[in-house]
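Close look at the chain arrangement
Spelled out from the first residue to the last, the chains are:
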Amino acid sequence: MDKRERDWMVRQEIRERRRMIQKRKRQNQLIRRGLLAALCVCMALFGIRQAASGKAYAKDRKEERLSAMQEPDYRGAEGGGLFCQLAAMTVGQARKEKDTSQEPREVRIVIDPGHGGKDPGTLWKDVYEKDINLAIAKKLVKILTDSGYRVFLTRDSDARVVLSERVKLAEEQQADLFVSIHQNALEKDTVTQGFEIYSSSRARSEELAELVRSGLRDSAGAVDKGVTKNSDLYVLEHTTMPACLVETGFLTCQEERERLLDEDYQQKLAAGIAEGIMKFLERSPQAEQQFLDSY
């Protein structure tokens, strides 16, 4: 399957998923409106019944005809009014909850292109790690954005951003996950190639890393060097959400370096990482709750 066919299939899958979401949202809205209408009818009928009971009580009190003809009616009206008010309050509260449920907190993703500016990262044969990191990150952001997610980049140009600022952005945005993109190198080894992933010790970070690993293996077909838990890396140690760092290849290997400079291969890497991220989010407790609230 060539790149055009794969991209077309991805776009079709995204469109179909969005159509299903919109259809289920409309069905859910109709169900809720029907329930609210039924509730109003029940409360109104209950109020009418209370009013009728008040009139019957007044009729039975013949010895106090004048007061009985007024007071029970008053009581009945008061009873009916009270339940109508309760019905209105209930409907108002239901609408408020409905509005809230229709606007669940959006999923937020932070993508971190490693290095930048005066910090080039690995430099090999005039190839800068920082440039490849940013190129892959931008392609990844486009895929995720087109799929409906809100995505933040720690840098979107050749600028130096200190590690603490990268972490700060993720924390301030209350990101649901953090993925950092880097390139590898072995000074005395020009043969080793492949991608490897580091995960933090935070809950579900290893799950995120394994899903990204699976996506990269399927999409890019690169050598899989596995997942390693490593919280010594600053961005993994200090972020509080699920996080992983992806080393997409070795710049010291000529064969892999040439692939990493190729835009089509960069697109495959981005598609693989995106696939892992989306599968992770589909499994997350927040996604399940958002699914229940939205459908």
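Quick caveat: nothing in here was measured; it's all calculated off a predicted structure. (Residues numbered from 1 in each chain as written. Predicted model: local features only at pLDDT ≥ 70, side-chain atom pairs only at ≥ 80, totals over all residues. Heavy atoms only, no water.)

1. A look at the environment of Gln-254
- Within the secondary structure layout, Gln-254 lies in helix H7 (residues 254–261).
- On the basis of relative accessible area, Gln-254 is assigned to the partly exposed category, the value being 48%.
- With 63 residues separating them along the chain, Gln-254 and Val-191 place their C-alpha atoms 8.0 Å apart. (Helix = DSSP H or I, 4+ residues; strand = E, 2+ residues; numbered from the N terminus. Buried < 20%, exposed > 50% of the residue type's maximum accessible area, 1.4 Å probe, protein only.)

2. Concerning the pattern of salt bridges
- Inspection of every chain in the model, using the stated rule, returns 15 salt bridges.
- One salt bridge connects Arg-259 with Glu-256, and the closest N-O pair in it is separated by 3.4 Å. Taken as a pair, Arg-259 and Glu-256 lie in helix H7 at a separation of 3 residues, close to a single helical turn.
- In this structure Arg-259 comes out as partly exposed when scored by relative accessible area, which is 23%.
- Linked by salt bridges that have partners in common, Glu-210, Arg-213, Arg-217 and Asp-224 make up one network. (Salt bridge = Lys/Arg side-chain N within 4 Å of Asp/Glu carboxyl O.)

3. Topic: the nonpolar core
- Within the largest apolar cluster, 39 residues are counted, with the highest numbers of intra-cluster contacts made by Ile-109, Ile-111, Leu-144 and Ile-277.
- In this structure, Ile-111 is in contact with Ala-137, Leu-140, Val-141, Leu-144, Val-151, Phe-152, Leu-153, Thr-154, Val-179, Ile-181 and Ile-277, ignoring residues within four places of it in sequence.
- Among the nonpolar cores identified, the runner-up in size contains 13 residues, and Leu-169, Phe-178, Tyr-198 and Val-235 belong to it. (Core = buried A, V, L, I, M, F, W, Y, C linked by side-chain atoms within 4.5 Å. Contact = heavy atoms within 4.5 Å.)

4. Here we look at the sheet that holds strand S4 (residues 150–153)
- Spatial ordering of the open sheet is given by S4-S1-S5-S8-S6-S7, a layout of 6 strands whose pairing is mixed. A single partner strand is all that each edge strand has here, and the edge strands are S4 and strand S7 (224–229). Geometrically, the sheet is characterised by an average inter-axis angle of 20° between neighbouring strands, direction not taken into account.
- Across 4 bridges, the pairing between strand S1 (residues 108–113) and S4 is parallel. Paired with Arg-108 across the strands is Arg-150, a residue of S4.
- Where H7 meets the sheet, its contacts fall on strand S5 (177–184) and strand S8 (243–250), and the angle it forms with S8 comes to roughly 115°.
- Relative to S5, helix H8 (residues 263–283) is tilted by about 155°, and along the sheet it contacts S1, S5 and S8. (Pairing = 2+ DSSP bridges. Axes fitted to C-alpha atoms, helices over the stretch in contact; angles between N-to-C directions.)

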